[in-house]
Amino acid sequence: MKESNPVLRAVQVLFRDYLVLLMIAVLVAVTAIIEPKFMSPLNLVNIMRQFGPLMMVSLGMTFVIIGGFIDLSVAGIINLVAVVTISLIQPIGQVPALLTGLGIGAACGLLNSAVILSSGALTQAEALFLTFGMSTVFSATALLYSHGSTMHFWDIKTSKSIFETIGAGTLGPVSVSFVIFLAVLFLLWVFQTKTTEGRAISLTGGNKTAARLSGIGISRAIVVIYTICGLMTGLGAIVLFSRITTAAPVIGAGYETNAILSVVVGGTTLKGGKGSVLRTVMGVLLVVLMSNCLNLLGVSTYLQVAVKGAILVLAIWLDNRKQV
Amino acid sequence: METVGSDIILSIKDVSKSFPGVHALDKVSIDFRRGVVHGIVGENGAGKSTLMKILSGVYQKDSGSVVFDGRSIEHTTPYESMQRGLAIIYQELNLVNTMSVGENVFLGRFKEMKGMRGTHANARKLLDSIGCKVSTTKLISELSVSTKQMVEIAKALSFKSKLIIMDEPSSSLTAEEMAELVKIIHQLKAQGLSIIYISHKLDEIFEFCDIVSVMRDGRVIDTKPKSEFTRNELITKMVGRTIENEYPPRPRSVGETLMEVRSINTHKLHDISFTLKKGEILGFVGLVGAGRTEIVRALFGADKVRGHRVLINGKSVAIRNPREAKDAGLGFIPEDRKLQGLVLPFSVESNISMASVANFSRFGFIRKSLERGIGARQVQALSIKTPSTKVPVVNLSGGNQQKCIVGRWLEISPSIFIMDEPTRGIDVGAKYEIYVLMRKIVEEGGAIILISSELPEVLNMSNRVLTIFEGRITGEFEPESTPVDTIMSAALGLRGGAA
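Everything numeric here is computed off the predicted structure, so don't read it as measured data. (Residues numbered from 1 in each chain as written. Chains lettered and ligands numbered in written order. Predicted model: local features only at pLDDT ≥ 70, side-chain atom pairs only at ≥ 80, totals over all residues.)

Caption draft 1: Up close: the overall build of chain A. Check the secondary structure of chain A and you find 14 helices and four strands. Compactness check: chain A gives a C-alpha radius of gyration of 20 Å against a globular reference of 20 Å for 324 residues, within 12% of the reference. Each principal axis of the C-alpha atoms in chain A carries an extent, and together these give about 70 × 55 × 35 Å. Buried residues in chain A amount to 45% of all 324 residues. Counting contacts in chain A only where the partners sit at least 6 residues apart, residues at least 24 apart contribute 79% of the total. (Helix = DSSP H or I, 4+ residues; strand = E, 2+ residues; numbered from the N terminus. Rg over C-alpha atoms; globule rule 2.2 N^0.38 Å. Buried ≥ 20, exposed ≤ 12 C-beta atoms within 10 Å, placed from the backbone. Contact = placed C-beta atoms within 7 Å.)

Caption draft 2: Quick peek at helix α4 (residues 115–129) of chain B. Residues and elements named next belong to chain B. An ideal rise of 1.5 Å per residue puts 21 Å on 15 residues; α4 measures up with 22 Å between its terminal C-alpha atoms. Among all positions in α4, only Thr-119, His-120, Asn-122, Ala-123, Leu-126 and Leu-127 are buried. Gly-131 sits one or two positions beyond α4 and adopts a positive phi of about 70°. (Expected span 1.5 Å × (residues − 1).)

Caption draft 3: Focus on the interface of chain B and chain A. If you look at the interface, chain B gives 29 residues, while chain A gives 22 residues. Counting residues per element, the ones that place at least two in the side of chain B that touches chain A are β1 (8–19), α10 (322–327), α11 (337–341) and β18 (365–366) of chain B. At four residues, α10 of chain B tops the list of elements feeding residues into the side of chain B that touches chain A. Looking at side-chain class alone, the side of chain B that touches chain A contains 18 nonpolar, seven polar and four charged residues. (Nonpolar A, V, L, I, M, F, W, Y, C, P; charged D, E, K, R; others polar.)

Caption draft 4: Just the domain arrangement of chain B, in detail. Split by domain assignment, chain B resolves into domain 1 (8–239) and domain 2 (257–491). Taken over C-alpha atoms, the centre of domain 1 of chain B sits 36 Å from the centre of domain 2 of chain B. (Domains from an automatic or database assignment.)

Caption draft 5: Spotlight on the pairing of strand β19 (residues 416–420) of chain B. Residues and elements named next belong to chain B. Of all five residues in β19, five are buried; the element is thus mostly enclosed. Here β19 shows no split at all, with Ile-416, Ile-418 and Asp-420 on one side and Phe-417 and Met-419 on the other all buried. Pairing analysis gives four bridges linking strand β16 (residues 330–333) to β19, with the strands arranged parallel. Paired with Leu-330 across the strands is Ile-416, a residue of β19. (Pairing = 2+ DSSP bridges.)

Caption draft 6: Inspection of the packing of helix α12 (residues 255–266) of chain A against helix α13 (residues 277–296) of chain A at higher detail. Residues and elements named next belong to chain A. Packing of α12 against α13 leaves a shortest axis separation of 7 Å and a crossing angle of 120°. As the angle between them shows, α12 and α13 are arranged oblique. As for the relative orientation of α12 and α13, their crossing is right-handed in sense. In contact with Asn-258, Leu-261, Ser-262, Val-263, Val-265 and Gly-266 of α12, α13 contributes Arg-279, Thr-280, Met-282, Gly-283, Val-284, Leu-286 and Val-287. Partitioning the contact of α12 with α13 into residue classes produces seven nonpolar, five polar and one charged. (Axes fitted to C-alpha atoms, helices over the stretch in contact; angles between N-to-C directions. Parallel < 35°, antiparallel > 145°, perpendicular 65-115°, else oblique. Left-handed = near helix turned anticlockwise from the far one by under 90°.)

Caption draft 7: Representation of the sheet that holds strand β13 (residues 281–286) of chain B in the model. Residue and element names in this part refer to chain B. Taken together, the six strands give an open sheet; going across it, the order is β16-β19-β20-β13-β21-β22, and neighbouring strands pair in mixed fashion. The open sheet has two free edges, formed respectively by β16 and β22 (472–477), since each of these has just one partner strand. Neighbour to neighbour, the strand axes of the sheet diverge by 20° on average, direction disregarded. Sheet analysis places β13 next to strand β20 (residues 447–451), joined by four bridges and oriented parallel. Its bridge partner lying in β20, Phe-284 is registered against Ile-451.

Caption draft 8: Region of interest: the environment of Ala-123 of chain B. All names here are of chain B. Residue position: Ala-123 is located in helix α4. Between the C-alpha atoms of Ala-123 and Glu-103, which are 20 residues apart in sequence, the distance is 8.3 Å. Those residues in contact with Ala-123, other than ones at most four positions away along the chain, are Val-101, Gly-102, Val-105, Phe-106, Thr-136 and Ala-154.

Here's what the structure looks like:
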């Protein structure tokens, strides 16, 4: 029993560490059998488009969670970035509007970290409530700014080609948003695994006290993780409203739970320290595929929410079982 | 099942257990006889605790056999073991602080005792049988550690235990309490019970154990009657080599002043000023809570303290956080290895490279080959026992974990090394290695501030000690030429300041 055979071990490791890949495969297989429409090119392109916004937000969230924190404000940031950016396209032009949108996202993240650092709230639970508070602030700002109204692309008289390309353009066989995703993923992966700042973030998540006492700048790490999360959420907001061509001040609703779900299901531990943006990609894929599959099978939205919740609980349960 | 002689209560044969990357137990075999006090000695990490946890059912063994009272035991749980008559009294006692003595003895069995009246009456009987006078209605939280231990023993007896395992029971007892425990142990033995007594204090082993087993590196090195062991033989077998002295010779490398600290004041510290010389080991002596740790934390920038001045080589330096402390050439081994020192789930390598991570980067990118070099170098230089630099540091023994933290700082060659309880919870051999390292650091021109609750350690290693009492420095002494009680009375605030 001590040194079981290597094949069995490999299967064990695969099962434990790559359960999500297995689940994706099973999900695809089952859906494809029950509902042949699933594998149709139209649906696949649709899936590729669907996961764009959630992917961006979740990639940003990954850093916050690896750093040992959490960010519930992403829904608020999406609302704010979406309504402000779309409203600025006509007055200041599309490139400045795009940059402003990303800037607002990053600024919101920066503000989150400032609130956390200045209040000395260095636990995940405190960060949970602080960012929840910030989320309502961002959402309310979005409502005040837009007077609660929804803005559509057709309201914009000047050129909005960049946003149309992001939302519906293709580059050869794949969508433009997919190309953006690949580029961003590569940059974030390099940042996370190859740089000293990426390491500082992991160490901060692994043990804040030890990291600080080893002379690692944990305040800087906290600023960086929230700013990345804000920036990526801003990007997610832009991809989202570009795809649906409208921006309501409530379009971000539910993104915080879905993003956390994707990160955790992907295998990044909520305890902080260990995780990877690549795992998050798998997590997002699973969450989006599952939604798509449940939709195709005609499962009610209410039940879908319950399924997602159950999966989150299961993922955390499994993660805790993994610890020796 | 095999044939076991009736005088053997517990027989362990070829029991092995491994954790990822570490062989905790390697084919351990011991026979324990009825009515005998059997001592198990070994350093931390020798496998004593793992073995006990297998016996009690906290861990499952990988292979081998365990026969208790004639019955082979495969899988068990802590509760099942107790019911079979095998009780374990752990170092950290398992009592419910908010409940009474009687309730704790029969926890979860009030029904069998026919209610609370029966519970208290039966608890009284058991406590009387071991000569313990404590009232059964007293709350556990009001008891001293030794009385709690007696409650644990009464609880073990309530299960009609045939074998009681005591895991380092003496670690928090005073001399009188210890004498009390010894009396009880003799009594239990007279009643025909068997006792396994785990300790690394040799005096105790020689005082009342009948048979002694020595464990090292997950193996049983030797088992024989106490009378056939000599003290030196026991030590040699424990550590695997001969240790003539507990401490290396005191370093003699004190040079000119390296650092001056002027007036640290907080709500707990009052006007703390001192100097540290090149090549010196400066010890802080004081009670736990006297402010020793607060001083070094303030110095290292770990706590926010304003208004003090630090001069290194005559130049004023601002240390507002640990990063600035590191840049100023300070290294810090915090008092709690696991909570403040290590990132437990991370590899040995990344724990060692933590402080120097910025030094081996180029344009913010980590250079993996340099990092690997650092890990390998320190593992070799400090002879850290680990299967590879990639295993999680949590799998290492205490001494080896501590060496990882030392190695982490050696890599940036600090000129001032702060060590807060550097040898807490590590075994004799590893302690000696840390002492030798300290000596080497100061001989190479570094300086060390040493805090330790073990008085002999500070007094034997330091060139100079400061006594600290209630946040003030109450004296400055050369331990080599000062009687211990002079230093102690200053540390207890019994005499005016000398500095």
